[in-house]
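Here are the chains, one letter per residue:
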Amino acid sequence: MRASPLRRLPAGIAAMALAVTGMAVTPSAAPASAAACDTATNLALDKPATASSVQGNGYLPARAVDGDAATRWSSQFSDPQWIQVDLGAGTTVCQVVVDWQTSYARAFRLELSGDGVNWTTIYSTTTGAGGTQTIDAAGTGRYLRVYGTQRATGYGYSVKELTVHGAGSGGGECQTPPPVSQDLGPNVVVFDPSMSGSSIQSRLNAIFAQSESAQFGSQRYAVMFKPGTYSGINANTGFYTSVLGLGRNPDDVTINGDVTVDAGWFGGNATQNFWRSVENLAIVPSNGTNRWAVSQAAPMRRVHIRGDLNLAPNGYGWASGGYIADSRIDGRVGPYSQQQWYTRDSQIGGWVNGVWNMVFSGVKGAPANSFPSPPYTTLATTPVVRDKPYLYLDGGAYHVFVPSLRTNASGTSWSGGSTPGTPVPLTRFYVARPADSAATLNNALACGMNLLFTPGVYHLSQTLKVTRPDTVVLGVGYPTLIPDNGVTAMTVADVDGVKLAGLLFDAGTVNSPSLLQVGPSGATTSHAANPTTLQDVFFRVGGAGPGKVTTALIVNSADTIIDHIWAWRADHGSGVGWTVNPADTGLIVNGARVSAYGLFVEHFNKYEVIWNGQGGRTIFFQNEMPYDPPSQAAWRSDGRGYAAYKVADSVTSHEAWGMGSYCVFTADPSIVAERAFEAPVRANVKFHNILTISLGKGSIEHVINDTGASTGTTVKPVNIVSYP
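It should be emphasised that the depicted structure is a prediction, and the values quoted were computed from it without experimental measurement.

Thresholds applied
- Residues numbered from 1 in each chain as written.
- Predicted model: local features only at pLDDT ≥ 70, side-chain atom pairs only at ≥ 80, totals over all residues.
- Heavy atoms only, no water.
- Helix = DSSP H or I, 4+ residues; strand = E, 2+ residues; numbered from the N terminus.
- Rg over C-alpha atoms; globule rule 2.2 N^0.38 Å.
- Buried < 20%, exposed > 50% of the residue type's maximum accessible area, 1.4 Å probe, protein only.
- Areas by Shrake-Rupley, 256 points an atom, 1.4 Å probe, with all protein chains shown as cover.
- Lys, Arg positive; Asp, Glu negative; His and termini not counted.
- Charge placed at Lys NZ, Arg CZ, Asp CG, Glu CD.
- Contact = heavy atoms within 4.5 Å.
- Disulfide = S-S within 2.5 Å.
- Pairing = 2+ DSSP bridges.
- Axes fitted to C-alpha atoms, helices over the stretch in contact; angles between N-to-C directions.
- Phe/Tyr/Trp six-rings, centres within 6.5 Å; stacked < 30°, edge-to-face > 60°.
- Polar contact = N/O pair within 3.5 Å; in protein donor to acceptor, adjacent residues only side chain to side chain.
- Core = buried A, V, L, I, M, F, W, Y, C linked by side-chain atoms within 4.5 Å.
- Patch = residues over 30% accessible without salt bridge, like charges linked within 9 Å, V, L, I, M, F, W, Y side chains within 5 Å.
- Salt bridge = Lys/Arg side-chain N within 4 Å of Asp/Glu carboxyl O.

Focus: the overall build of the protein
Counting its secondary structure elements, the protein contains four helices and 51 strands. Against the compact-globule benchmark of 27 Å for 724 residues, the protein has a radius of gyration of 26 Å, which places it among compact chains. Along the first, second and third principal axes, the C-alpha set of the protein runs to 80 × 60 × 40 Å. Considering the protein as a whole, with its 724 residues, one finds that 62% of them fall into the buried category. Carbon together with sulfur atoms contributes 50% to the accessible area of the protein, which is approximately 22700 Å² in total. If you average the places of the 47 positive and of the 49 negative side-chain charges in the protein, the two averages end up 1 Å apart.

In structure tokens, the structure reads:
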């Protein structure tokens, strides 16, 4: 979130043995066929691991399943010893890879268990040669154990990485096909044009009264309008509320009135108007102008405003930047006090002003590129994108529409009629409720279902594993996924065309290695024809309560499209402090040719974004460095702080447009950040229209590398038009 001068400055062995699934282990006489074995997905990655013993605290069993061959598990110097991993659900195993350190097993066996007590051997040897052993061994179970009976050296057993590959879906087997339901639950409120305007307004008012100022509350709502016309409506939109039209196209639902966000609850300051959205409808504003005064994680998508749009609060108080996509505004858009804003693939009647950086890609009617005066960054098209899936009614039946991939996009996807794409009936979705367990959700995924998360807070005791190509995971009303016991909340296999949209990941009290991981480590498969997309996917560490994570989002799959995320290490709320809600990094990109449109990442302890993949691009980046480093030395011992956006030294091709990074070091205003952007100096690593700014406490010495003047402590941007 934006600062302003006007406002607040691993499970035990016994526990694993008791985790009974009731599933029998079924070893196979021969390995699963190569065609059925998903060797791209490591089912053991970051799963709970235990062992018979450890050599010391630096050699814990978790080090053997962390994806890092530079770390390892090592046992005491005796026989027998074992390491086991909990795969989280009954899993059909087809291949195991053991990467031994020099202290390896001469004799060992691989075992599977459904309950962590009764074990069945699926492989054994007395002539192990160490190194990296790839073993085709098949069976089904929840727990896999490497059981060593004879050491090859005088030391213990030492495993750098234990990798497990599964057959079929790779994420566990379908136990019982889940029931088909079109019941969206009590927090999805559906209006019909036959209802009286007064009854609709009364319900809207009640929801807003509950959500207006409940920034960290548990309330979640999706307010939906069936196709038709509604008059005299003002849908004030509070926290964790989505206002949605249920038509095939935006003009199928017309509201003669307003869908409003203002900032009266916060004294006219809109910098904390987070977590709300409007989508897929038309608005005829009651006074000619609709007000949508928001900041992060508050998208406007597929909206037709038949009038003007005001993005500032009443009184033109502070507002910090937001996102519009696939929308048409017939009149003018007035950002007024908005510091930054990104508009993608839309049509507007005009744009009034700019503060620090207004960014447009594929927007018909956008002002010409003129950064820094006026501060407009304009690209004629968006290179490659797929618009967000959305829920709609076909007759009386719900469907989810999945838009087609667009290249060199300009204007709305629906300007020539209906948005091109594919409808998916809701009967092919499991409709998730907050009471559902992670095992229930994983079973639905293993049974080939998509997921529709209804509003609420979901606690996950195991990782949700999305392994099927073209799976849709869609949330409405800000469903919030919280990983328990330090697991990663969700992983996506290295497959084509997964769509994740409308989700809020909230870090749990036990540190997770990540909240969302897209593709396994080392993924190289091209997905250019059918990339995975992340849209309106948000990440939070602290604020609603204590939270810890190492990296919020890791993207390993090539060609992934990131379309509007906000990764936020909280600077206010509960569970907040330099060591209270620690989180190293918001986003790490390892995949090649990843595109990011609307990248909001703020307040992490170290680098905010690390980009290791080749051929990546970012259009629009908004960042605030952490407020709370207690001292210069505490933030980094070998230099002055961390860059907000770091392109790795190994990268030879990368391009970015419309980037801003701010500092406001409230705990120690003497802190200096050496630079906001850091990248190798190469001809094909390019930055356009980037800036730094101090909001009065602390400073940033350079914009990018050693180029660009110091911000000082004056609230005035330092701009770089082109680098190198």
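Here we look at the environment of Ala596
Within the secondary structure layout, Ala596 lies in strand 43 (residues 595-602). Each C-alpha atom of the pair Ala596 and Ile561 lies 6.0 Å from the other, and the pair is 35 residues apart in sequence. Among residues more than four places away in sequence, those in contact with Ala596 are Ile562, Trp611, Arg617, Thr618 and Ile619.

Structural notes on the state of the cysteines
Going through the model one piece at a time under the given rule, you end up with one disulfide. Covalent S-S linkage joins Cys174 and Cys447, the inter-sulfur distance amounting to 1.8 Å. As the torsion about the S-S bond is roughly 85 degrees, the Cys174-Cys447 disulfide counts as right-handed. With a gap of 273 residues between them, Cys174 in the loop between strand 9 (158-167) and strand 10 (188-191) and Cys447 in the loop between helix 3 (438-446) and strand 31 (450-453) connect regions that are remote in the sequence.

As for the sheet that holds strand 36 (residues 490-492)
Pairing is parallel in the open sheet, where nine strands are placed in the order 33-36-38-40-42-44-46-48-50. Each edge of the sheet is formed by a strand with only one pairing partner; in this case those strands are strand 33 (464-466) and strand 50 (699-704). With direction set aside, neighbouring strand axes in the sheet form an average angle of 25 degrees. Pairing analysis gives five bridges linking strand 38 (residues 512-518) to strand 40 (residues 549-555), with the strands arranged parallel.

A short note on the packing of aromatic side chains
The relation between two aromatic rings is expressed through the spacing of the ring centres and the mutual angle of the planes. Under the criterion given, the structure shown has 39 aromatic pairs. A centroid spacing of 5.4 Å and a plane angle of 10 degrees characterise the contact between Phe505 and Phe539, whose relative ring orientation is stacked. Of this pair, Phe505 sits in strand 37 (residues 499-506) while Phe539 sits in strand 39 (residues 533-541), and the two are 34 residues apart along the sequence. By relative accessible area, which is 0% here, Phe505 ends up buried.

Comments concerning the side chain of His603
Positionally, His603 belongs in the loop between strand 43 and strand 44 (609-611). Polar contacts involving the side chain of His603 include one to the side chain of Asp571, which spans 3.2 Å.

Examining the pairing of strand 20 (residues 328-334)
Here strand 17 (residues 300-305) runs beside strand 20; their pairing, made up of two bridges, is parallel. For Ile305, the partnering residue across the bridge sits in strand 20 and is Ile329.

Things to note about the nonpolar core
Leu516, Tyr645 and Phe687 are the most contacted members of the largest nonpolar core, which totals 81 residues. Contacts of Phe687, omitting those with residues within four sequence positions, involve Tyr645, Val647, His654, Ala656, Met659, Phe677, Ala679, Ile704, Val721, Ser722 and Tyr723. Formed by 37 residues, the second largest nonpolar core is a distinct cluster that contains Tyr230, Val253, Ile255 and Ile324.

A short note on the sheet that holds strand 27 (residues 397-403)
Across the sheet, three strands lie side by side as 26-27-29; this open sheet has antiparallel pairing. Two strands lie at the open edges of the sheet, namely strand 26 (390-394) and strand 29 (421-425), each paired on one side alone. Strand-to-strand twist of the sheet, defined as the mean angle between neighbouring strand axes without regard to direction, takes the value 40 degrees. Where strand 27 meets strand 29, five bridges bridge the pair, whose relative direction is antiparallel. What sits directly across from Val400, in strand 29, is Val424.

With respect to a nonpolar patch on the surface
Together, Tyr316, Tyr336 and Val352 make up an exposed nonpolar region whose accessible area comes to about 270 Å². One can find Val352 in the loop between strand 22 (347-351) and strand 23 (357-361).

Regarding the pattern of salt bridges
Applying the stated rule across the entire model yields 29 salt bridges. For Asp387, the salt bridge goes to Arg406, with nearest N and O atoms at 3.6 Å. With Asp387 in the loop between strand 25 (382-386) and strand 26 and Arg406 in strand 28 (residues 405-409), the pair connects residues that are 19 residues apart, well separated along the chain. We classify Arg406 as buried; its relative accessible area is 17%. Between Asp706 and Arg675 there is a salt bridge, and its shortest N-O distance comes to 2.9 Å. Taken together, the positions of Asp706 in the loop between strand 50 and strand 51 (718-723) and Arg675 in strand 48 (residues 672-678) put the pair 31 residues apart, joining distant regions of the chain. Relative accessible area serves as the criterion here: at 57%, Asp706 is assigned to the exposed category. The structure contains a network of salt bridges with shared partners spanning Glu279, Arg301, Arg344, Asp345, Asp387, Lys388, Arg406, Asp536 and Asp563.

What to know about unusual backbone geometry
Residue Pro80 is reached from Asp79 by a cis peptide bond, and omega for that bond is -10 degrees. The residue Pro80 is located in the loop between strand 3 (73-74) and strand 4 (81-100) in this model. The backbone phi angle of Asp326 is positive, close to 55 degrees, even though this residue is not glycine. Within the secondary structure, Asp326 is located in the loop between strand 19 (322-325) and strand 20. Despite not being glycine, Asn485 has its phi angle at roughly 60 degrees, a positive value. Its place among the elements puts Asn485 in the loop between strand 35 (480-483) and strand 36.

Some words on the pairing of strand 26
Here strand 26 lies mainly inside the structure; four of its five residues are buried. Here strand 26 runs beside strand 27; their pairing, made up of five bridges, is antiparallel. Bridge pairing in strand 27 links Leu391 to Val400. A loop of two residues connects strand 26 with strand 27, the two strands running antiparallel in sequence, and Gly395 in this loop sits at a positive phi of about 70 degrees.

Quick word on the environment of Val97
Along the chain, the position of Val97 falls in strand 4. By relative accessible area, which is 14% here, Val97 ends up buried. Excluding anything up to four places from it in sequence, Val97 contacts Thr132, Gln133, Thr134, Glu161, Leu162, Thr163 and His165.

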